[in-house]
Amino acid sequence: MRIDVVTIFPEYLRPLDVSLVGKARARGQLDVRVHDLRRWTHDRHHTVDDTPYGGGPGMVMKPEPWGEALDEVLGTPAGAEPADAEPAVTGPELPTIVVPTPSGRPFTQELAQRLSTLPWLVFTPARYEGIDRRVVEEYAARYPLHEVSVGDYVLAGGEAPVLVMVEAIARLLPGVLGNAESHRDDSFAPGPMAALLEGPVYTKPPRWRDREVPEVLTSGHHGRVARWRRDEALRRTSQHRPELIERCDPESLDRHDLAVLAELGWCLDRDGRFGRGSVDVEE
Ligand code: ADE
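Thresholds, definitions, all that
Residues numbered from 1 in each chain as written. Predicted model: local features only at pLDDT ≥ 70, side-chain atom pairs only at ≥ 80, totals over all residues. Heavy atoms only, no water. Helix = DSSP H or I, 4+ residues; strand = E, 2+ residues; numbered from the N terminus. Buried < 20%, exposed > 50% of the residue type's maximum accessible area, 1.4 Å probe, protein only. Contact = heavy atoms within 4.5 Å. Areas by Shrake-Rupley, 256 points an atom, 1.4 Å probe, with all protein chains shown as cover. Core = buried A, V, L, I, M, F, W, Y, C linked by side-chain atoms within 4.5 Å. Arc of directions from axis to C-beta. pLDDT = per-residue confidence, 0-100. Near = heavy atom within 4 Å. Polar contact = N/O pair within 3.5 Å; in protein donor to acceptor, adjacent residues only side chain to side chain. Nonpolar A, V, L, I, M, F, W, Y, C, P; charged D, E, K, R; others polar.

### Observations regarding the overall build of the protein chain
Step number 1: Scanning the protein chain from N- to C-terminus turns up eight helices and eleven strands.
Step number 2: Relative to its full complement of 283 residues, the protein chain shows a buried share of 42%.
Step number 3: Once local pairs closer than 6 in sequence are excluded, the contacts in the protein chain between residues at least 24 apart make up 72%.
Step number 4: Carbon and sulfur atoms form 52% of the exposed surface of the protein chain, whose accessible area is close to 16500 Å².

What follows is the structure, given as structure tokens:
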């Protein structure tokens with residue numbers, strides 16, 4: 001997969017040199033190119049922002065540098081350096097643009113999974129109050145484009161969201177995590193079962209500061225271990241994300257799941273959805 005990031009803070013993306021993403025790059029599984037937006041400014045001060053039309057606080061990113069930057073980056077076929085730029089990109093190498101913004105659609109595991117199947121992503125993290133709207137309209141007319149938020153809070157810019165999204169996507173690429181099964185049990189892993197949070201994990205030693213590892217995990221009994229993990233996932237989801245239980249399809253649960261949920265105070269209402277009279281309390 002190829003990933004381009006256009007930013008006024010290229011140094012902010014340095015974490016992409018280390019750990020999982022850094023190793024995937026070193027192995028050639030990921031081709032990450034970070035571009036300084038100011039390269040496409042033409043004034044002495046390398047201006048990228050201006051005051052908003054209609055007034056109001058803050059500054060807005062000017063369309064011209066973004067337009068020139070994106071035309072050049074998007075016109076560069078995978079495997080070629082910017083000097084070889086060709087204008088039209090078609091077919092399977094069509095890039096998908098990801099615009100981080102708090103007003104975008106939520107970034108979820110499902111979206112991470114969809115994006116991880118694409119050959120080429122271009123991220124456009126903005127600073128200030130965002131990018132002139134015409135830029136998003138212009139490129140959405142020419143390429144697949146997603147405006148995406150990493151959560152219901154406002155950050156100073158889109159660079160941290162890019163780090164979050166690239167890591168979530170890169171770990172799903174074939175061969176990036178050593179074990180292909182590693183994401184099967186991820187919290188939010190899509191599948192026929194309800195999306196549940198992952199339960200607790202343990203490693204050696206079996207006793208630490210008088211605290212024992214749950215006996216079932218050392219029993220060697222795979223069926224009991226799987227059942228215990230699922231019970232813990234249901235408990236944790238009920239406590240931290242009750243809306244996931246409310247949204248889940250009861251058909252995806254077995255009898256034991258239903259018994260655990262009943263123990264936690266959940267019951268099926270007349271529409272066949274889970275509801276609960278009282279809210280459980282943090283232990
Ligand atoms: N830019 C600022 N806040 C953001 C958020 N929550 N998600 C994506 N981009 C952002």
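### Examining the environment of alanine 168
Step number 1: Within the element layout of this structure, alanine 168 appears in helix H5 (residues 159–170).
Step number 2: Between the C-alpha atom of alanine 168 and that of phenylalanine 107, which follows or precedes it by 61 residues, the distance is 9.8 Å.
Step number 3: The contact partners of alanine 168, leaving out residues within four places of it in the chain, are Phe107 and Ala112.

### Some points on the nonpolar core
Step number 1: Ile3, Leu30, Phe107, Phe123 and Ile169 are the most contacted members of the largest nonpolar core, which totals 29 residues.
Step number 2: Within the residue set of this core, elements represented by two or more residues are strand S1 (2–7), helix H1 (19–26), helix H3 (109–116), strand S6 (120–123) and H5.
Step number 3: Counting residues per element, this core draws most heavily on H5, which supplies seven residues.
Step number 4: Non-local contacts of phenylalanine 123, meaning those with residues more than four positions away in its chain, are made with Ile3, Asp4, Val5, Val6, Val98, Val162, Met165, Val166 and Ile169.
Step number 5: Listed in part, the 22 residues of the second largest apolar core include Trp120, Ala126, Val135 and Leu145.

### Description of H3
Step number 1: Along H3, the positions that sit buried rather than exposed are Gln109, Leu111, Ala112, Leu115 and Ser116. The buried side chains of H3 occupy one side of the element, clustering within an arc of 160 degrees when seen end-on.

### What about the confidence of the model for the protein chain?
Step number 1: Residues at a pLDDT of 70 or more form 90% of the protein chain, whose mean pLDDT is 92.
Step number 2: Across residues 82–87 the pLDDT falls below 50, and counting only partners more than four positions away or on other chains, this stretch makes nine contacts in the model.

### Focus: the environment of proline 242
Step number 1: Here proline 242 is to be found in helix H7 (residues 242–247).
Step number 2: The sequence separation of proline 242 and glycine 275 amounts to 33 residues, and the corresponding C-alpha distance is 9.2 Å.
Step number 3: Setting aside chain neighbours within four positions, we find proline 242 in contact with Thr237, Trp266 and Arg276.

### Here's the deal with the site of the ligand
Step number 1: In the region of the ligand, the neighbouring residues are Pro100, Thr101, Pro102, Val148, Ser149, Val150, Gly151, Tyr153, Val154, Leu155, Gly157 and Pro161.
Step number 2: Backbone polar atom of valine 150 to a nitrogen atom of the ligand: 3.0 Å apart, as the coordinates give it.
Step number 3: For the ligand, whose free accessible area comes to 260 Å², the fraction covered by protein is 96%.
Step number 4: Secondary-structure elements contributing two or more residues to the shell around the ligand are strand S5 (96–106) and strand S7 (145–149).
Step number 5: Counting residues per element, the shell around the ligand draws most heavily on S5, at three residues.
Step number 6: Here the residues of the shell around the ligand sort into eight nonpolar, four polar and no charged.

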